Amino acid sequence: MTASRPPVSILIDTDPGIDDVVALSLAARSPELHVAGITTTYGNATLAAATRNASAVLALLEKPIPIYPGSDRPLERPLVTAPDTHGPTGVGYAPVGGEELVTPNPTVLLGLLEWSEQPVTLVTLGPLTNLAHALSVGPDLVRSRVRRHIGMFGSLHEQGNTNRWADFNAWADPEAVDIVLRAGLPTVMVGLDVTRRMELSAAQVEHLATSSDPLIAWLAKALRFYGRNGCVVHDVLPLGELIEPDLLTLAQVSLAVNLEEGVHRGHTMESPAGTPSQVALDVDMARMRALLARVFGEELQWQ
Ligand code: RIB
Ligand code: CA
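Residues numbered from 1 in each chain as written. Chains lettered and ligands numbered in written order. Predicted model: local features only at pLDDT ≥ 70, side-chain atom pairs only at ≥ 80, totals over all residues. Heavy atoms only, no water.

Section: the overall build of the chain
- Each helix and strand counted, the chain has 14 helices and 11 strands in total.
- For the chain, buried positions account for 55% of its 303 residues.
- For the chain, restricting intrachain contacts to residue pairs at least 6 apart in sequence, the fraction spanning at least 24 positions comes to 84%.
- In the form shown here, the chain has an accessible surface area of approximately 12100 Å², with 53% of it arising from carbon and sulfur atoms.
- Averaging the positions of the 21 positive and the 34 negative side-chain charges in the chain gives two centres separated by 2 Å. (Helix = DSSP H or I, 4+ residues; strand = E, 2+ residues; numbered from the N terminus. Buried < 20%, exposed > 50% of the residue type's maximum accessible area, 1.4 Å probe, protein only. Contact = heavy atoms within 4.5 Å. Areas by Shrake-Rupley, 256 points an atom, 1.4 Å probe, with all protein chains shown as cover. Lys, Arg positive; Asp, Glu negative; His and termini not counted. Charge placed at Lys NZ, Arg CZ, Asp CG, Glu CD.)

Regarding the sheet that holds strand 3 (residues 67–69)
- Spatially, the nine strands line up as an open sheet ordered 3-2-1-4-5-6-11-9-10, and their pairing is mixed. Single-partner strands in this sheet number two, and they are strand 3 and strand 10 (268–270). When the angles between neighbouring strand axes are averaged without regard to direction, this sheet yields 35°.
- In this structure, strand 1 (residues 8–14) lies alongside strand 2 (residues 33–40), joined through seven bridges in parallel fashion. Bridging from a neighbouring strand, Ile12 pairs with Ile38 of strand 2.
- Along the sheet, helix 1 (residues 18–28) contacts strand 1 and strand 2; its crossing angle with strand 1, the most-contacted strand, is approximately 165°.
- Here helix 8 (residues 174–183) sits on the sheet in contact with strand 5 (146–152), strand 6 (187–190), strand 9 (248–257), strand 10 and strand 11 (275–283), set at roughly 110° to strand 9. (Pairing = 2+ DSSP bridges. Axes fitted to C-alpha atoms, helices over the stretch in contact; angles between N-to-C directions.)

Focus on the layout of surface pockets
- Here the largest pocket defines a volume of roughly 470 Å³.
- Elements represented by at least two residues in the lining of the largest pocket include exactly helix 1, helix 3 (83–86), helix 7 (168–172) and strand 8 (231–232).
- Split into classes, the residues belonging to the lining of the largest pocket amount to nine nonpolar, 10 polar and six charged.
- Empty space within the second largest pocket amounts to approximately 160 Å³.
- Taken together, Ser9, Leu11, Ala36, Gly37, Tyr68, Leu112, Trp115, Ser116, Glu117, Gln118, Pro119 and Val120 make up the lining of the second largest pocket.
- Secondary structure elements with two or more residues in the lining of the second largest pocket: strand 1, strand 2 and helix 4 (108–115).
- Tallied by class, residues from the lining of the second largest pocket come to seven nonpolar, four polar and one charged. (1 Å grid on protein atoms, 1.4 Å probe; cavity = no way out; pocket = protein on both sides within 12 Å on 5 of 7 lines; lining within 4 Å. Points joined across faces, edges and corners; volume = space filled by probe spheres on them. Nonpolar A, V, L, I, M, F, W, Y, C, P; charged D, E, K, R; others polar.)

Some thoughts on the pairing of strand 2
- With six of eight residues buried, strand 2 is to be regarded as a mostly interior element.
- With respect to chirality, the unit in which strand 1 leads through helix 1 into the neighbouring parallel strand 2 is right-handed.
- In this structure, strand 2 lies alongside strand 3, joined through three bridges in parallel fashion. Following the sheet pairing, Thr40 is matched in strand 3 by Pro69.
- Between the parallel elements strand 2 and strand 3, the chain passes through helix 2 (residues 47–61) in a crossover that is right-handed. (Right-handed = clockwise from strand over helix to strand, strands pointing away.)

Some thoughts on the coordination of the calcium ion (ligand 2)
- The coordination sphere of the calcium ion (ligand 2), as far as protein atoms go, consists of Asp15 (OD), Asp20 (OD), Asp20 (OD), Leu125 (O) and Asp235 (OD), spread over 2.2 to 2.6 Å.
- Expressed as a motif, the donor residue spacing for the calcium ion (ligand 2) is D-x4-D-x104-L-x109-D. Here Leu125 lies in the loop between strand 4 (120–124) and helix 5 (129–137) and Asp15 lies in the loop between strand 1 and helix 1, a separation of 110 residues in the sequence.
- By relative accessible area, Asp15 is classed as buried at 0%. (Donors = N, O, S within 2.8 Å, 3.2 Å for Na, K, Ca; no water.)

Some remarks on the nonpolar core
- One finds Ile12, Leu223, Val236, Leu239, Met288 and Phe296 to be the most contacted residues of the largest nonpolar core, which totals 58 residues.
- When residues in this core are grouped by element, the largest group, eight residues, is from helix 1.
- With residues up to four places along the chain from it excluded, the contact list for Ile12 reads Leu24, Ala27, Val35, Gly37, Ile38, Thr39, Val123, Leu125 and Leu239.
- Leu113, Leu128, Ala134 and Leu156 belong to the second-largest nonpolar core, a separate cluster that totals 28 residues. (Core = buried A, V, L, I, M, F, W, Y, C linked by side-chain atoms within 4.5 Å.)

As for helix 11 (residues 214–223)
- Across the 10 residues that make up helix 11, a large majority, eight, are buried.
- The secondary structure elements touched by the buried residues of helix 11 are helix 1, helix 2, strand 7 (199–200), helix 10 (202–208), strand 8 and helix 14 (293–296).
- Capping of helix 11 at its N-terminal end is provided by Asp213; its side-chain oxygen lies 2.7 Å from the backbone amide nitrogen of Leu215. (Polar contact = N/O pair within 3.5 Å; in protein donor to acceptor, adjacent residues only side chain to side chain.)

Notes on the side chain of Ser71
- Within the fold, Ser71 resides in the loop between strand 3 and helix 3.
- With a relative accessible area of 1%, Ser71 lands in the buried category.
- Within the local environment of Ser71, its side chain forms a polar contact with the side chain of Asn130, the two groups lying 2.6 Å apart.
- For Ser71, the contacting residues outside a window of four places in its chain are Thr40, Thr41, Tyr42, Leu47, Asn105, Pro106, Thr129, Asn130 and His133.

Points about the pattern of salt bridges
- For the structure shown, the criterion picks out 15 salt bridges.
- Between Asp72 and Arg73 there is a salt bridge, with the nearest N and O atoms lying 3.0 Å from each other.
- Since its relative accessible area comes to 22%, Asp72 is described here as partly exposed.
- The partly exposed category is assigned to Arg73, whose relative accessible area is 48%.
- Where Arg77 meets Glu261, a salt bridge forms, and the shortest distance between an N and an O atom there is 2.7 Å. In this pair, Arg77 is assigned in the loop between strand 3 and helix 3 and Glu261 in the loop between strand 9 and strand 10, connecting sequence segments 184 residues apart.
- Owing to a relative accessible area of 52%, Glu261 belongs among the exposed residues under this scheme.
- One network of salt bridges, in which partners are shared, links Arg77, Glu175, Glu261 and Arg265. (Salt bridge = Lys/Arg side-chain N within 4 Å of Asp/Glu carboxyl O.)

And the structure:
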């Protein structure tokens, strides 16, 4: 952390999710960031499970960051979660308590932005439904209080992970992506083009499972859900960029999202009818991997 730079105040909108809890740990353990609040959304798991999971990892981090439940379903599409990818609880094999009853509050982000005295940087790690609701109700307020929106969603050239073209966050609520892109926020799309490279191997996860640190051992149980396959921790990259600006190579792209059903649903693509947006096209993997030592307590051995 450079002494001259004060911490960046951020709000994190998240759907924990195995990679989300790794990303929340990185944010909480980075003095360059001040996490002013966390909003939760359906996505990898239900809203109730995602909220429970956020609370579980913050307890292990011993960070009393407030958590505010948001949307429990997409704007228009049926709710689809990802138990095959994140397990029935949403955090793999990591032990968690029972689901608490949470009251959905789709405009939660708008309320938080209204309360925030200063503009904030908004980090989205799940479907963009909460941000879309905030923009639909109070677009001017959102524009005045969101200094920058950097989100893990989409894919420009990389193959999708949910259909041929889309990542899960864009696929889950493409109408929300459309609203966000058309809002003309300073949005940075950190998509599969770069996040797919952030893979932890089964051997690395097994090594982490031997840790005496309760947080690391818990995260390892979450990551172990992937078994012999590597686990791609997509969601750490937006945080990496905020901790170390220019970790990502960004390009301006006129971005639009496909709202059809089928293989192009949620496809974020370059289009003359799109909105000028920043898109991450490359990442300094050595620096990103080094940052993960803040979470895992040591420099992992990388192939
Ligand atoms: O496509 C990857 C994204 O979808 C990640 O944010 C992951 O947590 C899931 O939400
Ligand atoms: Ca996520």
